[in-house]
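A structural walkthrough
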Amino acid sequence: MAYTEDDLKKELETKEYEYGFYTDIESETFPVGLNEDIIRAISKKKEEPEWMTEWRLDAFRIWEKMEEPEWANVTYQKPDFQNISYYSAPNKKPKYNSLDEVDPELLETFKKLGISLDEQKKLAGVAVDIVMDSVSVATTFKETLAEKGIIFCSISEAIKEHPELVKKYIGTIVPKKDNFYAALNSAVFSDGSFCYIPKGVRCPMELSTYFRINQAGTGQFERTLVIADEGSYVSYLEGCTAPSRDENQLHAAVVELIALDDAEIKYSTVQNWYPGNAEGEGGVFNFVTKRGLCETNAKISWTQVETGSAVTWKYPSCVLKGDNSVGEFYSIAVTNNYQQADTGTKMIHLGKNTKSTIISKGISAGKSQNSYRGLVQINSKAKNARNFSQCDSLLMGNECGAHTFPYIEASNKTAQIEHEATTSKIGEDQIFYCNQRGIDTEKAIALIVNGFSKEVLNKLPMEFAVEAQKLLEISLEGSVG
Amino acid sequence: MDLKDKLVSSFLAFENTVDVNSSIHDIRSEAIKRFEQQGFPSKKEEAWKYTSLKGVLKHDFSIFPKEENALEFRDVKKYFINDLDTYKIVFIDGKYSSHLSETTHDKIDVCLMSAALTHDKYKAVIDNYFNKVAKQDGLTSLNTAFSREGAYIHISANKMADKPVQIIHFSTGNEAAQMLQPRNLIIVDENSHVQIIERHQSLTDNPVLTNSVTEIYADKRAFVDYYKIQNDNEHASLIDNTYIEQQTQSVVSVHTFAFGGNITRNNLNFYQKGERIDSILNGVTIIENKQHVDHYTLVHHTEPNCESHQDYKGIFDEKATGVFNGKIIVNKEAQKTNAFQSNNNILLSDKATINSKPQLEIFADDVKCSHGCTIGQLDEKALFYMQSRGIGEKEARALLMYAFANNILESVKIPQLKARINKLIAKKLNVDIGFDL
């Protein structure tokens, strides 16, 4: 019998989360709830200097006065912020110098994810700063990087060892009072990555971090800060998978990118947190603030493949401050079952001759809702600014939704803006065409979905593209080859 | 006392002048309560993010029309499309002007809302249609509460209106500041056809705020062609709320030509209630100075095999601000929907601003929906090409802009109206070209 879209739908509905397992590692967890004492305790635990503690407390005071945003096109049971534990760290604290010292159980976890460290080490020259429940437990290739003067470490280490850099840049592009979740993150961030590329250095390898949420009832608050000094280049990869769990988990990360004059940052994300089961129970809440600042001639490129999380609320943005700076955003968002995604980007053009490109592909299946929300703003001083946006949606089945909410604000006559959006389904004629040429329906759907997302997949670094394909398979197995 | 309080308390005075026992009165009382709750919209509301009424609402508007300020036809002749034979419904300061109007009850009803609301003959129709499709937001409710006068057009089944209808509202400035709230009801029965031209015109520099509500019901296979000409002076603000309900196979098109006014806000809502419906929304905006035009459109597809076409073009000079907010909702039952939306803009000045928000909300999979939005300038190469062939720069620019808006002008089906709009555009662009090239 021919494979039809209905079959695909059925398959999607029954597809269980493959990476749903739970690693039994002893964790040191703080009591639930949030108050100034907890923040002081987090800060103390991490042996942070006084200014950092004050910075966190200031953010907490701002957060207390803020209200949870409701404008996004998502509905969910709001998390009870007093019922979350704000700190958890794998218990075996000492830092490892070699893989042998790492908890074998942890290594086993990563093996299941197909990102075993030794393989990674041998393979493509990727340095991995693994964040397992907030604290980095293994860092590789640090020495190679150190030779070039590149700093790549956990943010808590950076606070201790490079306070001048952290102090100068943290919170500059995502201020504490930016939004509810950014303020929360600023107050309680547990750990994250820090990266500094010195002037004129081209980072010789892709830097990557794998995020995991592991401890039951633990909030995850990552803080990433990437600084590319003048004329430097870095490609940064971030990937996530999380174990199966019934209770909702909150993730509120903040990523700040700073590209100084002539620098280039490429930031790629593959996100595959637990999306909840077929009834829409459980799953991760992903409320992320990501923003980059471009100085003169700088370039920031965001690429993301979003397949997981029950609720996603994420807008990687570029502030094009310097003249001739370039911002790019490439995104594939796949939603299935009861997943909800409200994602997009903001391109703020401030400098002259700034350019931005937005390519967003949304694929909705099951009973999911997928929204693109983007802002293109051309300031009155941004002469000759140029933007191109394209948002395409693919709907599978009749119970899902695809939405587009673009905001375009131009106050300069030299601005050139193009925005285009389409919504479609996989046409029977397309399938028929493939069938005619001996390609069975399953392969045909794979081919079409692949072609639909090709523009974005192509933007991923080689090493990551493989994983991205793998993650797409989990969300849309049977449709992606 | 701010305007909201004034309006709410004036409602008591208003009640003394109307028949409080009619069924309409309950609708009015409900409406004033809703307005009291919701008030005027502020920029905090998503729908009003880019348009602020604050500057307009600070005037001390008088709410009730005084006695008719007589106008001679020769004084206002230029505001009519007078080389076209039409029915005319003319209001001066909110009061019906019988000597400027030409109405009919011969087979079709082209008359007054006040008559329809008070005569028993119309009761069944009013009960059936009045305030049924209108949204219950603050501004519409305010209009409903004070609804008394406007145009009432009822084309019964299988009739074709023998000539177009012009609805014109003049304000003469016999009040320091005036608020007008016309309420129009247009019912087009099965297989019927009507063309309507609507215009609001202020004749003085006194501030005017018009909060107009129009309900249009197009029954099966009905055909409605509606033209809105907005070319007012810079002291007149207009909030135009139009609600359209369409039945199977009906075709309704609304063309909005926004060439002037202080703040112009067009809320245009299409609700499709049958299959194989076509909804057409066109607009040309050409403004300068500090003028502000906001097009807020909604097309709600609820049944299969329907279409909608939206095409809005804007040219903004000096400190003008343009807003386009278009929303298409496709319910999951509405398979095989074709919905298109396009918004193109040209900015001529560094101080001009355009904010565009074309939105799609789609719940059905077998649909073709697209939207496009561009913001750009005139093509320098094309300008140079024309100049090198002896066409002056100003004329060359005007030609390009005319070409930019042309496909919407082409959709005007009344030749005399098209000629008039061409003239208005030539005047706007300050060139002496006959554009019917």
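Every value quoted in this text rests on a predicted model; they were computed, and no experiment measured them.

Rules used throughout
- Residues numbered from 1 in each chain as written.
- Chains lettered and ligands numbered in written order.
- Predicted model: local features only at pLDDT ≥ 70, side-chain atom pairs only at ≥ 80, totals over all residues.
- Helix = DSSP H or I, 4+ residues; strand = E, 2+ residues; numbered from the N terminus.
- Buried ≥ 20, exposed ≤ 12 C-beta atoms within 10 Å, placed from the backbone.
- Contact = placed C-beta atoms within 7 Å.
- Rg over C-alpha atoms; globule rule 2.2 N^0.38 Å.
- Core = buried A, V, L, I, M, F, W, Y, C linked by C-beta atoms within 7 Å.
- Nonpolar A, V, L, I, M, F, W, Y, C, P; charged D, E, K, R; others polar.
- Pairing = 2+ DSSP bridges.
- Axes fitted to C-alpha atoms, helices over the stretch in contact; angles between N-to-C directions.
- Parallel < 35°, antiparallel > 145°, perpendicular 65-115°, else oblique.
- Left-handed = near helix turned anticlockwise from the far one by under 90°.
- pLDDT = per-residue confidence, 0-100.
- Expected span 1.5 Å × (residues − 1).
- Bend = angle between axes of the 7 residues up to and from the residue.

The number of helices and strands found in chain A is twelve helices and 24 strands. Burial analysis of chain A (481 residues in total) assigns 57% to the buried set. Residue pairs at least 24 apart in sequence account for 84% of intrachain contacts in chain A once pairs closer than 6 positions are excluded.

Attention now goes to the overall build of chain B. Looking only at helices and strands, one finds ten helices and 20 strands in chain B. Against the globule reference of 22 Å for 437 residues, chain B gives a C-alpha radius of gyration of 21 Å, in line with a compact fold. Seen through its principal axes, chain B has C-alpha atoms that stretch 70 × 55 × 45 Å. The buried share of chain B, taken over its 437 residues, is 50%. Of all intrachain contacts in chain B linking residues separated by at least 6 positions in sequence, the fraction that spans at least 24 positions is 82%.

Ranked by internal contacts, the top residues of the largest apolar core, which has 204 residues, are A:Cys195, A:Ala228, A:Ala259 and A:Ile265. Apart from the residues within four sequence positions on either side, A:Ala259 is in contact with A:Ala228, A:Glu264, A:Ile265, A:Gly292, A:Leu293, A:Cys294, A:Glu295, A:Ala298, A:Lys299 and A:Ile300. B:Leu7, B:Val208, B:Ile239 and B:Ile263 belong to the second-largest nonpolar core, a separate cluster that totals 19 residues.

This part is about the interface of chain B and chain A. Where interface size is quoted, it is often the accessible area lost as the parts come together. Contacts between the two partners involve 31 residues from chain B and, on the opposite side, 31 residues from chain A. Where the side of chain B that touches chain A is concerned, the elements lending two or more residues are strand E19 (353–362) and strand E20 (368–376) of chain B. Sort the elements by how many residues they give to the side of chain B that touches chain A and E19(B) lands first, with ten residues. Looking at the side of chain B that touches chain A, its residues break down into 13 nonpolar, eleven polar and seven charged. When strand E24 (residues 416–424) of chain A meets E20(B), the two strands line up antiparallel, connected through seven bridges. Paired with A:Thr423 across the strands is B:Cys369, a residue of E20(B).

Time to look at unusual backbone geometry. Of note in this structure, A:Asn297 is not a glycine but carries a positive phi near 60 degrees. Summarising the element assignment, A:Asn297 is placed in the loop between strand E13 (284–294) and strand E14 (299–306). For A:Asn297, a count of 20 C-beta atoms within 10 Å puts it in the buried group. In this structure, B:Glu318 takes a positive phi of about 50 degrees despite not being glycine. Considering the arrangement of structural elements, one finds B:Glu318 in the loop between strand E16 (307–316) and strand E17 (321–330). Judged by the 14 C-beta atoms lying within 10 Å of it, B:Glu318 is partly exposed.

What follows covers the packing of helix H8 (residues 380–388) of chain B against helix H9 (residues 393–409) of chain B. Residues and elements named next belong to chain B. Two elements in contact, H8 and H9, have axes separated by 9 Å at closest approach and are oriented at 130 degrees. Regarding the angle of H8 to H9, the classification is oblique. For the pair H8 and H9, the crossing hand works out as right-handed. Between H8 and H9, the residues in contact are Ala382, Leu383, Met386 and Gln387 and Glu393, Ala396, Arg397, Leu399 and Leu400, respectively. Here the contact of H8 with H9 is built from residues that sort into six nonpolar, one polar and two charged.

All right, on to the confidence of the model for chain A then. Residues and elements named next belong to chain A. A residue-level look at chain A finds 74% of positions with pLDDT of 70 or above and a mean pLDDT of 78. Considering only residues more than four positions removed or in separate chains, one finds that residues 118–127, a stretch of pLDDT under 50, has 18 contacts. Note on residues 211–218: pLDDT under 50 across the span, and 33 contacts to partners over four residues away in sequence or across chains.

Here the focus is the environment of B:Ala218. Residues and elements named next belong to chain B. Residue placement: Ala218 occurs in strand E9 (residues 208–218). Taking the C-alpha atoms as reference points, Ala218 and Lys78, 140 residues apart in sequence, are found 31 Å from one another. Each residue touching Ala218, except ones within four places of it in the same chain, is listed here: Val188, Val224, Ile244, Gln246, Gln247, Ser250 and Val252.

Okay, H9(B) next. Residues and elements named next belong to chain B. Here H9 spans 23 Å end to end across 17 residues, near enough to the 24 Å set by a 1.5 Å rise per residue. Along H9, the largest kink reaches about 35 degrees and is centred on Ala403. Buried within H9 we find Ala396, Arg397, Ala398, Leu399, Met401 and Ala405. Elements that come into contact with the buried residues of H9 comprise strand E14 (278–287), E16, strand E18 (338–347) and H8.

Looking now at the pairing of strand E12 (residues 264–272) of chain A. Regular strands place side chains that alternate from one sheet face to the opposite one. All names here are of chain A. Counting buried positions along E12 yields nine of nine residues, so the element is predominantly enclosed. Here E12 shows two buried faces, one formed by Glu264, Lys266, Ser268, Val270 and Asn272 and the other by Ile265, Tyr267, Thr269 and Gln271. Bridge analysis of E12 against E14 gives eight bridges, and the strand direction is parallel. If you follow Val270 over to E14, its bridge partner there is Val305.

Because each turn of an α-helix spans 3.6 residues, side chains separated by three or four positions end up pointing in the same direction. All names here are of chain A. Within helix H9 (residues 180–188), eight of the nine residues are buried, which leaves the element mostly enclosed by the surrounding structure. Turning to H9, its buried residues number three or more, namely Tyr181, Ala182, Ala183, Leu184, Asn185, Ser186, Ala187 and Val188. The inward-facing, buried residues of H9 abut helix H2 (36–45), helix H3 (50–65), strand E8 (223–228), strand E11 (254–259) and E13.

Turning next to the packing of helix H10 (residues 428–436) of chain A against helix H11 (residues 441–457) of chain A. Residues and elements named next belong to chain A. Running from N to C, H10 and H11 point in directions that differ by 120 degrees, and their axes come no closer than 9 Å. As far as their axial angle goes, H11 and H10 are oblique. As H10 runs across H11, the sense of the crossing is right-handed. Here Gln430, Ile431, Cys434 and Asn435 of H10 lie close against H11, whose contacting residues are Thr441, Ala444, Leu447 and Ile448. In terms of residue class, the contact of H10 with H11 is made up of five nonpolar, three polar and no charged.

Residues of chain B with pLDDT of at least 70 account for 98%, and the chain-wide mean is 89. Predicted as a complex, the structure gets a pTM of 0.82 and an ipTM equal to 0.79.

Let's shift gears to the pairing of E14(B). All names here are of chain B. Within E14, eight of the ten residues are buried, which leaves it mostly tucked inside the rest of the structure. Where strand E12 (residues 251–260) and E14 come together, eight bridges link them in parallel fashion. The residue bridging His255 from the neighbouring strand is Asn282, located in E14. Pairing between E14 and E16: ten bridges, direction parallel.

All names here are of chain B. Within the secondary structure layout, Ile414 lies in the loop between H9 and helix H10 (415–428). Taking the C-alpha atoms as reference, Ile414 lies 10.0 Å from Ile197; in sequence the two are 217 residues apart. Those residues within four positions of Ile414 in sequence are excluded, and the remaining contacts are Leu84, Pro164 and Gln195.

Residues and elements named next belong to chain A. Locating His162 in the fold gives a position in the loop between helix H7 (155–161) and helix H8 (163–169). By C-beta crowding, His162 is classed as partly exposed, having 16 other C-beta atoms within 10 Å. In this structure the C-alpha to C-alpha distance between His162 and Ile151, which are eleven residues apart in sequence, comes to 9.2 Å.

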